[in-house]
Amino acid sequence: MDHEPDAAGSLKLDGTNYLLWSYMMRNFKIEGELWRWVIESKARAEPRDKNYFNSRKKLESMNAEALSIINSYVDRSLKERLAQIYSAKNAWDYLAGLYAHDDELEFAKKYRLEKEIEGVTHSGFPITVLCCYLQCYWQQLDEMEAMELSDLKSYKRYREESRLVQLLMALPDKFEPIRKSMLQRFSLPSVSEAVQELLDEEHRLTYSKLSSLSLEDKDISKTGSDECLYCHQTGHLKADCPAKKKNNDQPFITNPILHSEEDYQPSSSSSRLASSLTADNNQPALSTDQFRSVVNMTSQLESDISGLSPPASGKYLPPFKRDKNRSCTLKILNYNILHGLFEIDKRMEVLGEHIQLHSPDFICFQEVTCDIYEIFIVSSWWNMYNYCSISYEEAETKSTHFCMMLSKLPVKSYSCKPFSNSEMGRELCMTEIEVSGKLLIVATSHLESPCRGGGKKWQMNSEARVAQAKESLNYLKKFPNVVFCGDLNWIEDSDGPFPLPDGWIDPWTELRPRENGWTYDTMSNLMLCASKPAQARLDRFVCNLHDFKLGAIDMIGTEAIPGLSFLKKRWAGNRYHKLVLPVWLSDHYGLVLKINSQ
């Protein structure tokens, strides 16, 4: 997610963060006269007023300003919905109607505030922005507290500890050492003390990274631009060193130089942020002036951090943070997530809940679009993954939906092999990862789909699909450890048995031989009940494992999303019938495979 110069600018309304968004817009963007005149409609231009034309012109200008602000801080899908709304008040009321319908009940609002706070976890925001967001949530919760509680020392201590827990839970993995240290102390720090320590640590990490990069640049200038600092041979640089790659080093990670605490003295603005997060409930923890001073210093901090990020044109590949021998178990999720735009925000929210519940180490998605990509990158689970197979810039060039692979583990290589016989632009996507010191190929594809032909008759495309499956397996069978999964569109009646090479296994039939495994089922997925009847294992895993063994396989996304429905038209009896159908996460079910190293 790209951050703008202030904390409010880094926030985009996506439907999951309405309470934070509306609070920041009301207090820091559309405030004062702009709010009273435009949103609350406290001022009107009266035709009988001698200054009518000037008043009307001013109101129109303020309406345009407020509407521009609202459109600037919503995501792409909401911006499209607001395109036909020309009044800022109507736009505000429309968004409130979408997302604030339960807020008249205090308990419901408390629930939503706590739910949004959970969504901040692993957000990847700088400490300044993260604390500002949490402070906005805490102030709204404070407003709903009973007045008599504010004088109870025991309650104030409990509230302070609860806020410390929320702050520590929201920290990225790079702060794990300091988080662990705080949790093991006999005397817990206050929120303000914790924030000060985190600001110091963030500055140290940033300074260490920049220093290590700067030191390497100096060494290059001494040794010559074409001499490698790793093997001291000429003709290549350290990042491309064959000897370094052979030793399984990560070329995009530099060895940090640790500095003592004396190397850094906190700035006055950092101290102000920490001290403003007070446990006293009698006054708001951040005044408007204090908030502005906090967000104004965010710009420089973010520029330092963004200087460590990969180029925008490259794939998202931040430094790997975990011990490669941490675990001998690997979870892989495969899901065709349905590229259709209907109820896309809610469906992707439910997908995120599944990801956080199962916590897969590797994900293979099919039918991803730019709209879905935009939802992903602002989701709370996104920063759990250190690698994405396709950058947003590349995604924008795609004329149709595409496959995406995400990994928590270090990715050694990625390649993509288009099928020569595909009329739909289908391809085989492959990554090489390392699990407990062993190499594993994870591959995915969306094989040729059945479709309607020129005469609107169904074309099964069975011949092309079978050829693509055989081409994939012939290429992958040379590797000792392979997991191949995807929406393979495999229909046994037309395609026959899946053409597994010798030694390959089908995890579903191995682990659940008595269950049909249908991932596309118009009988159980009522969202499809108006479609042509079909039951098939369109989605599947197949494996060739020498150094791993099967653990378990599960099906997910098999239930309707509560409270959600859509209108479907079906032609029958010489007329269209309107059906109100429930909504599932997708028209397919997902699969989660667990394998263990031997």
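These figures come from a predicted structure and were not determined experimentally.

> When you look at the overall build of the protein in this model, what are you seeing that I'm missing?
Each helix and strand counted, the protein has 20 helices and 17 strands in total. Here the protein holds 598 residues, and the buried ones make up 48% of them. Within the protein, counting contacts between residues at least 6 apart in sequence, those at least 24 apart form 70% of the total. Element-wise, carbon and sulfur atoms account for 51% of the exposed surface of the protein, whose accessible area totals about 30,200 Å².

> What should I look at first to understand the packing of aromatic side chains in this one?
Where two aromatic rings form a pair, the distance of their centres and the angle of their planes describe that pair. Within the structure shown, the criterion is met by ten aromatic pairs. Judged by centre distance (4.7 Å) and plane angle (70 degrees), the ring pair of W490 and F498 falls under edge-to-face. Overall, the relative accessible area of 1% leaves W490 in the buried class. When its relative accessible area of 10% is taken as the criterion, F498 is described as buried. Each residue in the set F365, Y373, F376, W381, W382, Y385 and Y392 is aromatic and connected to the rest through ring pairs, giving one cluster. Lying over the aromatic face of F342, R347 brings its terminal NZ or CZ to 5.2 Å of the ring centre. When the ring centre of Y475 is taken as origin, the NZ or CZ atom of K478, which lies over that ring, is 4.3 Å away.

> Would you explain the sheet that holds strand 13 (residues 539-545) in this entry?
The strands that make up a sheet pair up through hydrogen bonds in the backbone, lying either parallel or antiparallel. Spatial strand order, 5-6-7-10-13: five strands in an open sheet with mixed pairing. Unpaired on one side and paired on the other, strand 5 (411-418) and strand 13 mark the two borders of the sheet. Averaged over all adjacent pairs, the angle separating strand axes in this sheet is 15 degrees, with direction ignored. By the bridge criterion, seven bridges tie strand 5 to strand 6 (residues 427-435) in an arrangement that is antiparallel. Each bridged residue has a counterpart across the sheet, and for S413 the counterpart in strand 6 is E432. Along the sheet, helix 18 (residues 462-476) contacts strand 5, strand 6, strand 7 (438-446), strand 10 (481-487) and strand 13; its crossing angle with strand 6, the most-contacted strand, is approximately 30 degrees.

> What am I meant to see in unusual backbone geometry here?
Only a minority of non-glycine residues have a phi that is not negative, and only a minority of peptide bonds are not trans. Positive phi outside glycine occurs at E367, with the angle close to 65 degrees. Position of E367 among the secondary structure elements: in strand 2 (residues 362-368). Phi is positive for S436, which is not a glycine, with a value near 50 degrees. Here S436 is to be found in the loop between strand 6 and strand 7.

> How should the side chain of N336 be read in this particular structure?
Topologically, N336 is positioned in strand 1 (residues 329-336). For N336, the side chain forms a polar contact with the main-chain nitrogen of L338, separated by 3.1 Å. In this structure the side chain of N336 is engaged in a polar contact, spanning 2.7 Å, whose partner is the side chain of D487. Excluding anything up to four places from it in sequence, N336 contacts Q366, E367, H446, D487, D539, S586, D587 and H588.

> Would you mind showing me how to read the sheet that holds strand 1 here?
Taken in spatial order, the six strands of this open sheet run 3-4-2-1-17-14, and their pairing is mixed. The open sheet has two edge strands, strand 3 (387-388) and strand 14 (548-556), and neither has a second partner. Across five bridges, the pairing between strand 2 and strand 4 (residues 402-407) is antiparallel. Bridge pairing in strand 4 places V368 opposite F402. Helix 16 (residues 370-377) rests against strand 2, strand 3 and strand 4 of the sheet, and its axis sits at about 145 degrees to strand 2.

> For this particular structure, what's the right way to read the pattern of salt bridges?
Pairing between side chains of opposite charge can happen when the charged atoms of each approach one another. This model, assessed by the stated rule, comprises eleven salt bridges. The partner of K89 in a salt bridge is D93, and the shortest N-O contact between them spans 3.3 Å. In this pair, K89 and D93 are both assigned in helix 5 (residues 88-99), four residues apart and thus about one turn of the helix distant. Among the salt bridges present, the one from D506 reaches R537, with a minimum N-O distance of 3.0 Å. Here R537 lies in the loop between strand 12 (535-536) and strand 13 and D506 lies in the loop between helix 19 (492-495) and helix 20 (507-511), a separation of 31 residues in the sequence. Take D506 and R537: they sit in the same class, and that class is buried. Because the salt bridges share partners, they merge into one network encompassing R76, D371 and E374.

> Explanation requested: the nonpolar core in the structure shown.
Ranked by internal contacts, the top residues of the largest apolar core, which has 56 residues, are W21, I30, I70, L95 and L167. Ranked by the residues each element gives to this core, the list is headed by helix 7 (residues 127-143), at ten residues. If you look at the next biggest cluster of nonpolar residues, it comprises 39 residues, including Y373, W381, C388 and L585.

> What's the story with helix 16 in this structure? I'm lost.
Because the α-helix completes a turn every 3.6 residues, residues three or four places apart line up on one side. Buried residues dominate helix 16, accounting for seven of its eight residues. Among all positions in helix 16, only C370, D371, I372, Y373, E374, I375 and F376 are buried. Tucked into the core, helix 16 has its buried residues touching helix 4 (76-81), helix 15 (344-358), strand 2, strand 3, helix 17 (392-396) and strand 4.

> Any chance you could explain helix 8 (residues 153-169) here in plain terms?
Taking 1.5 Å per residue as the helical rise, helix 8 with its 17 residues ought to reach 24 Å, and the 24 Å between its terminal C-alpha atoms agrees with that figure. Where helix 8 is concerned, the buried positions are R159, E160, R163, L164, Q166, L167 and L168.

> Can you help me understand the environment of I30 in this one?
Secondary-structure assignment places I30 in the loop between helix 1 (18-29) and helix 2 (32-39). Accessibility expressed as a relative area gives 0% for I30, which makes it buried. Sequence separation between I30 and A66 is 36 residues, and the spatial gap between their C-alpha atoms is 6.4 Å.

> Quick question: what am I supposed to make of the packing of helix 15 against helix 16 here?
Think of two packed helices as two axes; the pair is described by the angle between the axes and how far apart they sit. Contact geometry for helix 15 and helix 16: axes closest at 11 Å, N-to-C directions at 50 degrees. Here helix 15 lies oblique to helix 16, going by the angle between them. For the pair helix 15 and helix 16, the crossing hand works out as right-handed. Touching I344, D345, M348 and L351 of helix 15 are D371, I372, I375 and F376, all from helix 16. In terms of residue class, the contact of helix 15 with helix 16 is built from six nonpolar, no polar and two charged.

What counts, and at which threshold
Residues numbered from 1 in each chain as written. Predicted model: local features only at pLDDT ≥ 70, side-chain atom pairs only at ≥ 80, totals over all residues. Heavy atoms only, no water. Helix = DSSP H or I, 4+ residues; strand = E, 2+ residues; numbered from the N terminus. Buried < 20%, exposed > 50% of the residue type's maximum accessible area, 1.4 Å probe, protein only. Contact = heavy atoms within 4.5 Å. Areas by Shrake-Rupley, 256 points an atom, 1.4 Å probe, with all protein chains shown as cover. Phe/Tyr/Trp six-rings, centres within 6.5 Å; stacked < 30°, edge-to-face > 60°. Lys NZ or Arg CZ within 6 Å of the ring centre and 35° of its normal. Pairing = 2+ DSSP bridges. Axes fitted to C-alpha atoms, helices over the stretch in contact; angles between N-to-C directions. Polar contact = N/O pair within 3.5 Å; in protein donor to acceptor, adjacent residues only side chain to side chain. Salt bridge = Lys/Arg side-chain N within 4 Å of Asp/Glu carboxyl O. Core = buried A, V, L, I, M, F, W, Y, C linked by side-chain atoms within 4.5 Å. Expected span 1.5 Å × (residues − 1). Parallel < 35°, antiparallel > 145°, perpendicular 65-115°, else oblique. Left-handed = near helix turned anticlockwise from the far one by under 90°. Nonpolar A, V, L, I, M, F, W, Y, C, P; charged D, E, K, R; others polar.

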